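For reference, the chains in residue letters:
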There are 2 protein chains.
Amino acid sequence: MSDISSLFSAKSIAVIGASANPQKLGHLVLKNIIEGGFKGKIYPVNQKGGTVLGMSCYKSLKETGGVPDLIVVIVPNWAVPATLKEAGELGVRNAIIISGGFGEVGNNDLEEEIIDIAQQYSIRILGPNCQGLIYNPNSLCASWPLISANGGMAVISQSGTIGAEIGIRAQDEGLGVSGIVSLGNKTDINELDLIEFFANDPNTASIALYIEGLKDGKRFIDLARRMGSKKPLVILKPGRSEAGREAVASHTCSLSGKSEVFEGLCKQYGLLNAKSVTELYDLLKGLSCIQPAEMENVVIVTSSGGSGILAADECAEAGLNLVRLTSDTVKEIKEHVPEHCVIKNPIDLTGDATALMYENVISKAAKDPNVDTFLVIFGDPIPGVGEAMCRLKDQIKQKLIICFLGGGDVQVEETVVMHRSGIPVYPSPERAVNVIKRIVEHSKISQEV
Amino acid sequence: MSDISSLFSAKSIAVIGASANPQKLGHLVLKNIIEGGFKGKIYPVNQKGGTVLGMSCYKSLKETGGVPDLIVVIVPNWAVPATLKEAGELGVRNAIIISGGFGEVGNNDLEEEIIDIAQQYSIRILGPNCQGLIYNPNSLCASWPLISANGGMAVISQSGTIGAEIGIRAQDEGLGVSGIVSLGNKTDINELDLIEFFANDPNTASIALYIEGLKDGKRFIDLARRMGSKKPLVILKPGRSEAGREAVASHTCSLSGKSEVFEGLCKQYGLLNAKSVTELYDLLKGLSCIQPAEMENVVIVTSSGGSGILAADECAEAGLNLVRLTSDTVKEIKEHVPEHCVIKNPIDLTGDATALMYENVISKAAKDPNVDTFLVIFGDPIPGVGEAMCRLKDQIKQKLIICFLGGGDVQVEETVVMHRSGIPVYPSPERAVNVIKRIVEHSKISQEV
């Protein structure tokens, strides 16, 4: 079969089942392709003709007179085989089948039929029963919701919602995704193909995978190891409980296997697994910004005493080392801050801290060779901290991880500034510390493997 | 000493240290009092006179010709004693001292001096070194940031940032707070006075407390028990680690004591403790909506198979019981939903679920006497679910807890609708399940105590 990269680089798309009804996916997907800024040719196809979103529909694929690089199929399940056949005869090589009603509801014969047609005509298929594909380097949003913010994170998901949720969070926070791919029934393209694609994709810095069942565990581990050593791969695999495994069987007919086995494999082979959507996103974000490295020796710098204490507790429980500042460092910092600041670790600059104070203090403390990581907590609306951290990032060798809380509108604005420069920002101490902890653990395991 | 309720019900306020400089707290606090919609008389006082925010400043408190119910003091530390004395002589009975530079930086004599003056003139003092007070039933925001959304949650905090953060989250999510009080150095009014006030306050449904050190542990436990049985009280107390306890000593000179002791006391006396800001907010929100009750027997209803599985795992690990639906219930539900829906627990209505489908299915399942709680997961932008859940809430005896993800703008809008009707909404399965788990555990302990 052909390489799947042509799916991502398509220069022309037909939407088969384009609809004028805004409630229908055939409308929404066409709308998102247009509003996502796709630069190639778009062919809306509806057998009844008509106009959708100001575009005249073709009554069939043939009528378009072209051979689109990609078709997006949103027609009733019984109409999918004929659609695929027509496309195959025209020479189409990539299809995203959003339509459901196949193996997932027991229509195995219909699913076999489309597999056969695809093989006969060498069509690569994503789906059926999937939420489509987003690839922002090609301004391609053949999915929903519209996630058009481009960034370094890629998501491969057996759940449309979980892929969408990560995309929404990334977009809301001034980050973005390179791609989001919904796996659906995996009749052809599966997680392995996609991990391989994103691992080799220069637009992608880190990859998240939500997966319910692995068809080929050994091949998965082999590939995940090989690709994960190129590029961070974070995996969320549910089914930790009997109840979860039963639900997996109902959802995607997957056998999820015992979670202890999977967790053991992750540990053994240096794969990074997340326990929740929140952790999946937090790690994906952290690893899109930060190369896994020594991060164990931490200095906390805060304007909020309370938040600093919470972070200190979390660091201690995570096995991280709160570095003791040398007397020279303490002396030098004290020369640059008001007397009431507490120059220990956590360094508490108190409520009247400014962006400049943070910048000065961290650049002094960065001379300490024992420090790997600055956990910087902004506990008030402090304007200008975004730019200050961006300057620092280029000057110091340590990693910067930010926690921002209590900052209202200023927090939202400054977070975007930092995210755009690849500095990860978390909304609470425990989430920031957990990311440091997981990266440290992962670096250790990876070295051993 | 007088009751502290007059602090909250003040009908006239003087801001001493009002400033025309927008960078200064003396500006920000006056601005927030005005923009918060305070309906009483406001006297800006600045010894140099001048105009602030369009108001002429009085050069002294005496010059105002009135006796304000409350003064907010934002002057340099050395000027605080004279200010208090002048106020005391005029007959002022309540003071919020935002100015810092007292006991927290070793100026113990200055702190003693203001304590003496306050006692001499019977002035109740909040602070010094605090972030002020918000009380929305009186449209009073003598603090920052501006949190003017009124609601059932109260926050008492020894960290200004943590109080602010909870207020911001509540306001952003369409909820609100009755009050936020920053404790500061606790020279007079302390957490016990405030717990007592909010426990008796008809405008408050649940109380959060962030506290670093307890001066009188026994009195605290007695009161927290007594008040907590009236109204849910959630406590976040850092200092679980040695590093955390050292940081506590630097921040508020408190002795935080071993966390095991505190956690043991919580268990023994049925107090609810949180481990992080996120959990503090999640529990506070849940308990402002839901009376602690039987919640152990859960049915999950979802449009996102993946999110339902994650929730099932979390429920199993939390020791909650995923109720097995009776065959009658299954049969009745199946009559009202498309064939491809999975009617087990989790009930998976799949990606084309509508608000009406959710409403129908839950009202059928609610007839099952074994169900205590519906964990309802919306995994797409589904319009109208807010109103549907509000209707359901009035019809069924079970508790409703919502998880909403992957819903973009629709999610934001519908979340506000549900919050305004007292239905708690969480952004991920693990956070929703954790709230159910903690309320269940708490109900059991409370019954035993």
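Here, the structure is the one placed above.
Remember, it's a predicted structure, so these values are computed and weren't measured experimentally.

Conventions we followed
- By convention here, each chain's residues receive numbers from 1 onward along its written sequence.
- Chains and ligands are labelled sequentially in the order written, the chains with letters from A and the ligands with numbers from 1.
- pLDDT decides what is reported in this predicted model: residues at 70 or higher carry local features, side-chain atom pairs at 80 or more are listed and counted, and totals for whole chains, interfaces and linings draw on all residues regardless.
- As a rule here, side-chain values cover all heavy atoms of the structure and leave hydrogens and water aside.
- In this text, helices come from DSSP runs of H or I with a minimum length of four residues, and strands from runs of E with a minimum of two, each type numbered from the N-terminal end.
- Type-normalised accessible area, obtained with a 1.4 Å probe on protein chains alone, sets the label of each residue: buried when under 20%, exposed when over 50%, and partly exposed for intermediate values.
- Polar contacts here mean pairs of N or O atoms no more than 3.5 Å apart (in protein, one a potential hydrogen donor and the other a potential acceptor; neighbouring residues in sequence count only if both atoms are side-chain atoms).
- Throughout, a contact is declared for two residues whenever any of their heavy atoms are within 4.5 Å.
- Throughout, the arc means that of the directions going from the helix axis to the C-beta atoms.
- Summed over both partners, the accessible surface that disappears when two parts come together, traced with a 1.4 Å probe, is what is meant by buried area.
- When a carboxyl oxygen of Asp or Glu is within 4 Å of a side-chain nitrogen of Lys or Arg, the pair counts as a salt bridge.
- A pocket here means an open set of points on a 1 Å grid, computed over the protein atoms alone, that has protein on both sides within 12 Å along at least five of seven lines. A cavity is instead a set of points where a 1.4 Å probe fits but cannot get out; residues with an atom within 4 Å of a point line either one.
- Grid points are joined across faces, edges and corners, and a volume is the space filled by probe spheres set on the points.
- Each patch is built from salt-bridge-free residues with over 30% relative accessible area, joining like charges within 9 Å and nonpolar side chains (Val, Leu, Ile, Met, Phe, Trp, Tyr) within 5 Å.
- Surface exposure here means Shrake-Rupley accessible area, sampled with a 1.4 Å probe, where a residue is shielded only by the protein chains that are shown.
- Positive charges are assigned to Lys and Arg, negative charges to Asp and Glu, while His and the chain termini are left out of the count.
- Where a charge lies is defined by one atom per residue type: Lys uses NZ, Arg uses CZ, Asp uses CG and Glu uses CD.
- The aromatic pairing rule takes the rings of Phe, Tyr and Trp, using the six-membered ring of Trp, and pairs them if the centres are within 6.5 Å, calling planes under 30 degrees apart stacked, those over 60 edge-to-face and the rest tilted.
- In this scheme, the term charge over a ring applies when either NZ of a lysine or CZ of an arginine sits within 6 Å of the ring centre and within 35 degrees of the ring normal.

**Topic: the side chain of threonine 161 of chain A**
Here is step 1 of the chain: Position of threonine 161 of chain A among the secondary structure elements: in helix 5 (residues 160-172).
Here is step 2 of the chain: A residue is classified by how much of its surface remains accessible, and threonine 161 of chain A, at 5% relative accessible area, is buried.
Here is step 3 of the chain: Engagement of the side chain of threonine 161 of chain A in a polar contact is seen with the backbone oxygen of glycine 379 of chain B, the distance being 2.5 Å.
Here is step 4 of the chain: Beyond its immediate sequence surroundings of up to four residues, threonine 161 of chain A is in contact with Gln131 of chain A together with Ser304, Ser307, Gly379, Asp380, Leu405 and Gly406 of chain B.

**Here we look at helix 9 (residues 259-269) of chain A**
Residues and elements named next belong to chain A.
Here is step 1 of the chain: Along helix 9, the residues that are buried comprise Ser259, Phe262 and Cys266. With its buried residues spanning 65° around the axis, helix 9 presents them on a single face. Along helix 9, the residues that are exposed and aim more than 90 degrees away from the buried face are Glu260, Val261 and Lys267.
Here is step 2 of the chain: Buried residues belonging to helix 9 abut helix 7 (217-230), strand 13 (233-236), helix 8 (242-252) and strand 14 (272-274).
Here is step 3 of the chain: After helix 9 finishes, the residue glycine 270 shows a positive phi value of roughly 70°.

**Thoughts on the interface of chain A and chain B**
Here is step 1 of the chain: Contact with chain A, which involves 57 residues of that partner, is made by 57 residues of chain B.
Here is step 2 of the chain: Overall, the association of chain A and chain B removes approximately 3,900 Å² of surface from exposure, summing both partners, and the carbon and sulfur fraction of that is 58%.
Here is step 3 of the chain: Looking only at chain A, the three residues that lose the most surface to chain B are Thr161, Ile309 and Leu310 of chain A, adding up to 15% of its buried area.
Here is step 4 of the chain: Our count for the contact surface shared by chain A and chain B stands at 6 salt bridges.
Here is step 5 of the chain: The salt bridge partner of arginine 240 of chain B is glutamate 317 of chain A, with a shortest N-O separation of 2.8 Å.

**With respect to unusual backbone geometry**
Residue and element names in this part refer to chain B.
Here is step 1 of the chain: Across the junction of glycine 127 and proline 128, the peptide omega takes the value 0°, indicating a cis bond.
Here is step 2 of the chain: Looking at where proline 128 falls in the secondary structure, it is placed in the loop between strand 7 (124-126) and strand 8 (132-135).
Here is step 3 of the chain: Note that the residue after asparagine 345, namely proline 346, is joined by a cis bond; omega there is 5°.
Here is step 4 of the chain: Turning to its location among the elements, proline 346 is positioned in the loop between strand 17 (342-343) and strand 18 (347-348).
Here is step 5 of the chain: Positive phi, normally seen in glycine, also occurs at serine 139, with a value near 45°.

**Topic: empty space enclosed by the protein**
All names here are of chain A.
Here is step 1 of the chain: Following the criterion strictly, the structure yields 4 cavities of 30 Å³ or more and no others.
Here is step 2 of the chain: What the largest cavity holds in volume is close to 80 Å³.
Here is step 3 of the chain: Residue lining of the largest cavity: Ile235, Leu236, Lys237, Pro238, Arg240, Ser259, Phe262, Glu263, Asn273, Ala274 and Lys275, and that is the complete set.
Here is step 4 of the chain: For the lining of the largest cavity, the secondary structure elements donating two or more residues are strand 13, helix 9 and strand 14.
Here is step 5 of the chain: With 3 residues, the top contributor of residues to the lining of the largest cavity is helix 9.

**Some details on a negative patch on the surface**
Residues and elements named next belong to chain A.
Here is step 1 of the chain: Side chains of Asp109, Glu112, Glu113 and Asp116 sit close together on the surface and give a patch of like negative charge.
Here is step 2 of the chain: Note that glutamate 112 resides in helix 4 (residues 108-121).
Here is step 3 of the chain: The exposure class assigned to glutamate 112 is partly exposed, which follows from its relative accessible area of 45%.

**Considerations on the pattern of salt bridges**
Here is step 1 of the chain: This model, assessed by the stated rule, comprises 32 salt bridges over all chains.
Here is step 2 of the chain: Linking glutamate 242 of chain A and arginine 245 of chain A is a salt bridge whose minimum nitrogen-to-oxygen distance equals 3.2 Å. A residue pair is termed a helical-turn pair when its members lie 3 or 4 positions apart in one helix, as glutamate 242 of chain A and arginine 245 of chain A do in helix 8 at 3 residues.
Here is step 3 of the chain: Classification of glutamate 242 of chain A as partly exposed rests on a relative accessible area of 48%.
Here is step 4 of the chain: Its salt-bridge partner being aspartate 193 of chain B, residue arginine 124 of chain B comes within 4.0 Å of it at the nearest N-O pair. Here the residue arginine 124 of chain B occupies a position in strand 7, and aspartate 193 of chain B occupies one in helix 6 (residues 191-199), the gap between them amounting to 69 residues. Here arginine 124 of chain B and aspartate 193 of chain B have matching classes, each one buried.
Here is step 5 of the chain: Connected through salt bridges with shared partners, the residues Arg240 and Lys275 of chain A together with Glu314 and Glu317 of chain B form a single ionic network.

**Some details on the packing of aromatic side chains**
All names here are of chain A.
Here is step 1 of the chain: This model, assessed by the stated rule, comprises 16 aromatic pairs over all chains.
Here is step 2 of the chain: Centroid distance tyrosine 135 to phenylalanine 197: 5.8 Å. Interplanar angle 70°. Geometry classified as edge-to-face. On the criterion of sequence distance, the pair formed by tyrosine 135 in strand 8 (residues 132-135) and phenylalanine 197 in helix 6 (residues 191-199) is long-range, its members being 62 residues apart. Pair check on accessibility: tyrosine 135 and phenylalanine 197 agree, each one buried.
Here is step 3 of the chain: A cation over an aromatic ring shows up here: lysine 285 above the ring of tyrosine 426, its NZ or CZ 4.5 Å from the ring centre.

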